[in-house]
Structures are given as structure tokens and as C-alpha cells.
Amino acid sequence: QVQLVESGGGLVQAGGSLRLSCAASGRTFSNHAMGWFRQAPGKEREFVAAISWSGDSTYYADSVKGRFTISRDNAKNTVYLQMNSLKPEDTAEYYCAAPSAAQVMAFTGYEYDYWGQGTQVTVSS
């Protein structure tokens, strides 16, 4: 059974930092792209960042570019999201996800097949 488990969320003041982790189990995702999405109350889920299977390529939503960094450790089957200079508008439930197809980049939620349960990030002003 494939599981993606996020951790690292919490409450932080504006300008602060958090590091989210997503640990995968049940299969290895070393040959798969991984992504982070978020959903704020009353809003649609949105793409945040994605990383290629090798980690050589990363992609970001304009709203987080320059502040967030996605990375991965394939030996640990884990992907990370370092979030700096957090803003109140970053408040949301954050989800990691993986597509079932190997070596395919994906940027929309429809392209991802496996999802974690989410971790809440709250940024106070």
C-alpha cells in the first residue's frame, strides 16, 4: 500500500520559515516526479512546486518563486519543501503528491495519482 505522509506544518509568524517533509512508503518514487500542492479554505487546490525524478529540475508557482525550495532525498524516499519569508496568504493545507507514471513531469492535480493526507500551515500577520 502506497502512503505519502507529510509533516512539518505549524503556526509561524509572517517572515518566518517552515520545512515540510513528505515520506513515501509502499513503493519507491526515485524514478518519479514529486509535487507539492496547497488548498486554502474556500479556494481551489493550487500547484506550489514540483521536482524531477533526479532532482535536477525544479518548478515553482509564481507566488512562491524565490521563497520556497523543493528538494528530495531518493535514498530516504522523501521530498521536502523549504518555505522562507512566509506570508499570511501562504496559509493553507499542504499536500505532497506523486504520479504513477515514471519520468513524467506533472504540474496539475489531475496528473498526480498518490496524495498525502496534508499538513496545515498557518502564517499569522
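The model shown is predicted, which means the values in this text are computed figures rather than measured ones.

With that settled, the discussion passes to the packing of aromatic side chains. Each aromatic ring pair is specified by the distance between its two centres and by the angle formed by the two planes. Counted according to the given criterion, the structure contains seven aromatic pairs. Pairing Phe37 with Phe47 gives two aromatic rings, centres 5.8 Å apart and planes at 75 degrees, and the pair type is edge-to-face. Taken together, the residues Phe37 in strand β4 (residues 34-39) and Phe47 in strand β5 (residues 46-51) connect sequence positions 10 residues apart. You'll find Phe37 and Phe47 in the same group, each marked buried.

Another aspect to go through is the sheet that holds strand β8 (residues 78-83). Ordered by their spatial adjacency, four strands build an open sheet running β1-β3-β8-β7, and the pairing between neighbours is antiparallel. Each end of this open sheet is capped by a strand with a single partner; those strands are β1 (3-7) and β7 (68-73). Each adjacent strand pair in this sheet contributes to an overall mean axis angle of 15 degrees, direction not counted. With six bridges joining them, strand β3 (residues 18-25) and β8 adopt antiparallel strand pairing. Across the sheet, the residue bridging to Ala23 is Thr78, located in β8.

Calculation criteria
Residues numbered from 1 in each chain as written. Predicted model: local features only at pLDDT ≥ 70, side-chain atom pairs only at ≥ 80, totals over all residues. Heavy atoms only, no water. Phe/Tyr/Trp six-rings, centres within 6.5 Å; stacked < 30°, edge-to-face > 60°. Helix = DSSP H or I, 4+ residues; strand = E, 2+ residues; numbered from the N terminus. Buried < 20%, exposed > 50% of the residue type's maximum accessible area, 1.4 Å probe, protein only. Pairing = 2+ DSSP bridges. Axes fitted to C-alpha atoms, helices over the stretch in contact; angles between N-to-C directions.

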